[in-house]
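A closer look at the structure
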Amino acid sequence: MIIRKKNALFFFNLFIVLCLLLSSCSQLDTFEKDTSIPKHEWKSSFTAQGDFSITDTASMYNAYIVIRHTDAYKYNNLWLNIGTQAPADSMTYQKFNVELVKNEADGWEGTGMNDIWEIRKLFIQGIKFKKTGNYNFAIAQIMRDDPLPAIMSAGLRLEKQ
């Protein structure tokens, strides 16, 4: 009877270990590229840009705009001009308003440490890429202040659904 319990316990532990090993080997399908803003003063002529490679055209993706700023930023939002370019296509642009504060009582959205805040805002939900290959993006600020102070970085995050 004791031998059966030991065998059952052994196989149960083996099963748990195999489950943990198999689940830890899964790949996280996330891409993120952030561009530092020189001197934390975002000039309208400076574009945060990058590229990412798509190999899976059957899956859906969510795209997020990632902004890092300091407490010294004096507005509740940030207007951006976001360009995207598929392989062998031209860049297309879209204006996007990133709300950084929901209301004055709650303060900044996102996660913060000391006086630095990072926010991820859903830009496009459920993208299905038609082509495999390299895609480019460009992000420019279109606020009235030039340069726009207290912005540390801007970027794009792409997550597979």
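Residues numbered from 1 in each chain as written. Predicted model: local features only at pLDDT ≥ 70, side-chain atom pairs only at ≥ 80, totals over all residues. Heavy atoms only, no water.

1. Section: the sheet that holds strand E9 (residues 133-141)
One open sheet holds the 4 strands; their spatial order is E3-E9-E5-E6, and the pairing between them is antiparallel. Each edge of the open sheet carries a strand with a single partner, namely strand E3 (48-54) and strand E6 (92-99). Mean inter-strand twist for the sheet, computed between neighbouring axes without regard to direction, equals 25°. Direction of pairing for strand E5 (residues 77-85) relative to E6: antiparallel, over a ladder of 8 bridges. Within E6, the residue paired with isoleucine 82 across the bridge is glutamine 94. (Pairing = 2+ DSSP bridges. Helix = DSSP H or I, 4+ residues; strand = E, 2+ residues; numbered from the N terminus. Axes fitted to C-alpha atoms, helices over the stretch in contact; angles between N-to-C directions.)

2. Structural notes on the confidence of the model for the protein chain
For the protein chain, the average pLDDT comes to 87, and 83% of its residues sit at 70 or higher. Highest mean pLDDT in the protein chain belongs to strand E2 (residues 41-42) (98); lowest belongs to helix H1 (residues 2-24) (55). (pLDDT = per-residue confidence, 0-100.)

3. Let's talk about the sheet that holds strand E8 (residues 116-127)
Overall, antiparallel pairing links the 5 strands, which are arranged E1-E11-E4-E8-E7 in an open sheet. Each edge of the sheet is formed by a strand with only one pairing partner; in this case those strands are strand E1 (30-36) and strand E7 (111-113). Ignoring strand direction, the axes of neighbouring strands in this sheet form an average angle of 15°.

4. Quick look at the pattern of salt bridges
By the definition in use, this model includes 9 salt bridges. The partner of arginine 157 in a salt bridge is glutamate 32, with the nearest N and O atoms 2.6 Å apart. With arginine 157 in strand E11 (residues 151-160) and glutamate 32 in strand E1, this pair connects stretches of sequence that are 125 residues apart. Exposure remark for arginine 157: the relative accessible area of 14% places this residue in the buried category. Where lysine 74 meets aspartate 145, a salt bridge forms, and the shortest distance between an N and an O atom there is 3.5 Å. Of the two residues, lysine 74 is situated in the loop between strand E4 (61-70) and E5 and aspartate 145 in the loop between E9 and strand E10 (148-149); the sequence distance between them amounts to 71 residues. One salt-bridge network, in which partners are shared between bridges, spans Glu32, Arg68, Glu118, Arg120, Arg157 and Glu159. (Salt bridge = Lys/Arg side-chain N within 4 Å of Asp/Glu carboxyl O. Buried < 20%, exposed > 50% of the residue type's maximum accessible area, 1.4 Å probe, protein only.)

5. Observations concerning the packing of aromatic side chains
A full pass over the atoms with the stated rule returns 8 aromatic pairs. Between tyrosine 73 and tryptophan 108, the aromatic rings sit 6.4 Å apart at their centres with planes inclined by 50°, giving tilted as the arrangement. A residue pair is termed long-range when its members are at least 10 positions apart, and tyrosine 73 in the loop between E4 and E5 and tryptophan 108 in the loop between E6 and E7 qualify at 35 residues. Accessibility assignment for this pair places tyrosine 73 and tryptophan 108 in one class, buried. Among the aromatic residues, those joined into a ring-pair cluster are Phe31, Phe52, Tyr61, Phe129 and Tyr135. (Phe/Tyr/Trp six-rings, centres within 6.5 Å; stacked < 30°, edge-to-face > 60°.)

6. What about the side chain of glutamine 141?
Counting through the fold element by element, glutamine 141 comes out in strand E9. A polar contact is formed between the side chain of glutamine 141 and the backbone oxygen of tryptophan 42, at a distance of 2.9 Å. Of note is the side chain of glutamine 141, whose polar atom sits 3.3 Å from the backbone oxygen of aspartate 145. The contacts of glutamine 141, once residues within four sequence positions are left out, are Trp42, Lys43, Ser44, Leu78, Trp79, Leu80, Asp146 and Leu148. (Polar contact = N/O pair within 3.5 Å; in protein donor to acceptor, adjacent residues only side chain to side chain. Contact = heavy atoms within 4.5 Å.)

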